[in-house]
Amino acid sequence: QVQLVESGGGLVQAGGSLRLSCAASEILFNYNHMGWYRQAPGKQRELVAVITSGGSRAYGDAVKGRFTISRDNAKNTVYLQMNSLKPEDTAVYYCNAVRVAPGDRYDYWGQGTQVTVSS
């Protein structure tokens, strides 16, 4: 089972930037796609961004135009560059890896990293 370790969270002022990293214990091509999700207190976990093994990207509506997901296959690492941060971006951010098999789907999660945006 893959181990996903997030880093890069912290406290930042509104308008600032952070870059999150997710280091995987296996090569990224073992997974159909990698992504970032977030969960704020009292809210459901939501999609932030996803990148496929082929490099296609998709973003949640709340972050489009501000966040960028990327991957470094040589380092088995996925990144989330977050710009123009807003207080509503405050949440625990989780790295996700998905493997799809015929008739099944396997999700793997990191432990999460806290991002706090002050106003």
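What comes next concerns the included structure. If you're wondering where the values come from, they're calculated on a predicted model, not measured in any experiment.

Looking now at the sheet that holds strand S3 (residues 18-24). Read across the sheet, 4 strands follow the order S1-S3-S8-S7 without closing on themselves; strand pairing throughout is antiparallel. The two strands at the open ends of the sheet, each matched to only one other strand, are strand S1 (4-7) and strand S7 (67-72). For this sheet, the mean inter-axis angle between neighbouring strands, taken without regard to orientation, is 15 degrees. Pairing geometry for S7 and strand S8 (residues 77-82), over 6 bridges, is antiparallel. What sits directly across from Ile69, in S8, is Leu80.

Tallied over the full model, the rule gives 6 salt bridges. We note a salt bridge from Asp61 to Lys64, for which the minimum N-O separation is 3.1 Å. Assigned by exposure class, Asp61 and Lys64 land together as exposed. One salt bridge in this structure joins Arg105 and Asp107, with 2.7 Å as the shortest N-O distance.

A few words on the environment of Leu85. Among the secondary structure elements, Leu85 is positioned in the loop between S8 and strand S9 (91-101). By relative accessible area, which is 2% here, Leu85 ends up buried. Placed 12 residues apart in sequence, Leu85 and Ala97 show a C-alpha to C-alpha distance of 24 Å. For Leu85, the residues in contact, after removing those within four places along its chain, are Val12, Ala14, Gly15, Gly16, Ser17, Leu18, Arg66, Phe67 and Val117.

Once that is clear, we can look at the nonpolar core. Ranked by internal contacts, the top residues of the largest apolar core, which has 29 residues, are Leu4, Met34, Trp36, Leu80, Met82 and Tyr93. Those elements giving two or more residues to this core turn out to be S3, strand S4 (33-39), strand S5 (46-52), S7, S8, S9 and strand S11 (113-118).

Further remarks concern the packing of aromatic side chains. Taken as a whole, this structure holds 2 aromatic pairs when the rule is applied. Plain terms: the ring middles of Tyr37 and Trp109 are 5.2 Å apart, the flat faces sit at 70 degrees to each other, and that makes the pair edge-to-face. Of the two residues, Tyr37 is situated in strand S4 and Trp109 in strand S10 (residues 104-109); the sequence distance between them amounts to 72 residues. We classify Tyr37 as buried; its relative accessible area is 19%. Positioned over the ring face of Trp109 is Arg45, at 4.5 Å from the centre of the ring.

Reading the values: the criteria
- Positions within a chain are numbered from 1, following the residues in the order the chain's sequence is written.
- In keeping with the model being predicted, local features are shown solely for residues with a pLDDT of at least 70 and side-chain atom pairs are shown and tallied solely at 80 or more, while totals for entire chains, interfaces and linings include all residues.
- Excluding hydrogens and water, the side-chain figures rest on all heavy atoms present in the structure.
- A pair of strands is treated as paired once DSSP finds two or more bridges between them.
- Strands are runs of DSSP state E lasting at least two residues, helices are runs of H or I lasting at least four, and both sets are numbered from the N terminus onward.
- Simply put, an axis is a line fit to the C-alpha atoms, just over the touching stretch for a helix, and the angle between two N-to-C directions goes from 0 to 180 degrees.
- Note on definitions: salt bridges are taken to be side-chain nitrogens of Lys or Arg within 4 Å of carboxyl oxygens of Asp or Glu.
- Accessible area is worked out with a 1.4 Å probe on protein chains only. A residue is then buried under 20% of its type maximum, exposed over 50%, and partly exposed in between.
- Should any heavy atoms of two residues lie within 4.5 Å, those residues are considered in contact.
- Residues enter a nonpolar core if they are buried and are Ala, Val, Leu, Ile, Met, Phe, Trp, Tyr or Cys, with the set joined through side-chain atoms within 4.5 Å.
- Note on aromatic contacts: the rings of Phe and Tyr and the six-membered ring of Trp form a pair at centre separations within 6.5 Å, being stacked when their planes are under 30 degrees apart, edge-to-face when over 60 apart, and tilted otherwise.
- Criterion for a charge above a ring: Arg CZ or Lys NZ at most 6 Å from the ring centre, at most 35 degrees from the ring normal.

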